[in-house]
Amino acid sequence: MIRKPVDIGDPDRLYMVTGGRSEADDAFDLVTLIVSEGEPTSGMQSDYVRILELCRHPTAVVEIAAELAFPVTVVRILLGDLHDMGKVSARHPRAAASVAGLPETALLQEVLHGLRNL
């Protein structure tokens with residue numbers, strides 16, 4: 001029986017893609033929508049080009065990670081770079097309304113009771 005080495009692939013590409021960085025900016029969460037703001041420039045890293053092409057229409061960070069088959073942290077690092085270059089913009093999800101701003105349960109029950117009587 002001939003055993004093959006476990007890792008027969010290329011060196012860790014993710015280290016090269018991020019330039020050795022492992023900390024991502026917290027500005028991009030999983031559901032932040034990313035939109036391209038320009039075309040790729042000549043000599044731009046291929047992963048940046050792929051992200052810009054994917055984001056011609058608003059695309060969530062998690063969708064970009066799935067398309068590129070990269071961990072979300074790596075995608076967030078790349079998006080931070082593109083954002084700093086002015087190549088992408090981020091549309092953050094709206095925060096949920098606070099509980100204090102919601103109508104009281106008693107009022108909602110009265111409305112429901114009134115609707116049932118119609």
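For the structure, see preceding data.
Scoring rules and cut-offs
- Residues numbered from 1 in each chain as written.
- Predicted model: local features only at pLDDT ≥ 70, side-chain atom pairs only at ≥ 80, totals over all residues.
- Heavy atoms only, no water.
- Pairing = 2+ DSSP bridges.
- Helix = DSSP H or I, 4+ residues; strand = E, 2+ residues; numbered from the N terminus.
- Contact = heavy atoms within 4.5 Å.
- Axes fitted to C-alpha atoms, helices over the stretch in contact; angles between N-to-C directions.
- Parallel < 35°, antiparallel > 145°, perpendicular 65-115°, else oblique.
- Nonpolar A, V, L, I, M, F, W, Y, C, P; charged D, E, K, R; others polar.

## Quick word on the sheet that holds strand E1 (residues 33-36)
1) Next: The strand order across the open sheet built from three strands is E2-E1-E3, with neighbouring strands paired in antiparallel fashion. One side of each edge strand has no neighbouring strand; the edge strands of this open sheet are strand E2 (59-60) and strand E3 (88-91).
2) Next: Each of E1 and E3 is contacted by helix H4 (residues 72-85), which is oriented at about 115 degrees to E3, the strand it contacts most.

## A short note on the packing of helix H3 (residues 61-68) against H4
1) Next: For the pair H3 and H4, the least separation of the axes is 9 Å and the interaxial angle reads 110 degrees. Judged by the angle between their axes, H3 and H4 are roughly perpendicular. Along the contact surface, H3 presents Val61, Ile64, Ala65 and Leu68, while H4 presents Val72, Val75, Arg76 and Leu79.
2) Next: Of the residues that constitute the contact of H3 with H4, the class distribution is seven nonpolar, no polar and one charged.

## A short note on the environment of Glu53
1) Next: Here Glu53 lies in helix H2 (residues 46-54).
2) Next: In this structure, the C-alpha to C-alpha distance between Glu53 and Val35, residues 18 residues apart in sequence, is 9.6 Å.

## Quick look at the pairing of E1
1) Next: Examined bridge by bridge, E1 and E2 share two bridges and lie antiparallel to one another. Each bridged residue has a counterpart across the sheet, and for Leu33 the counterpart in E2 is Ala60.

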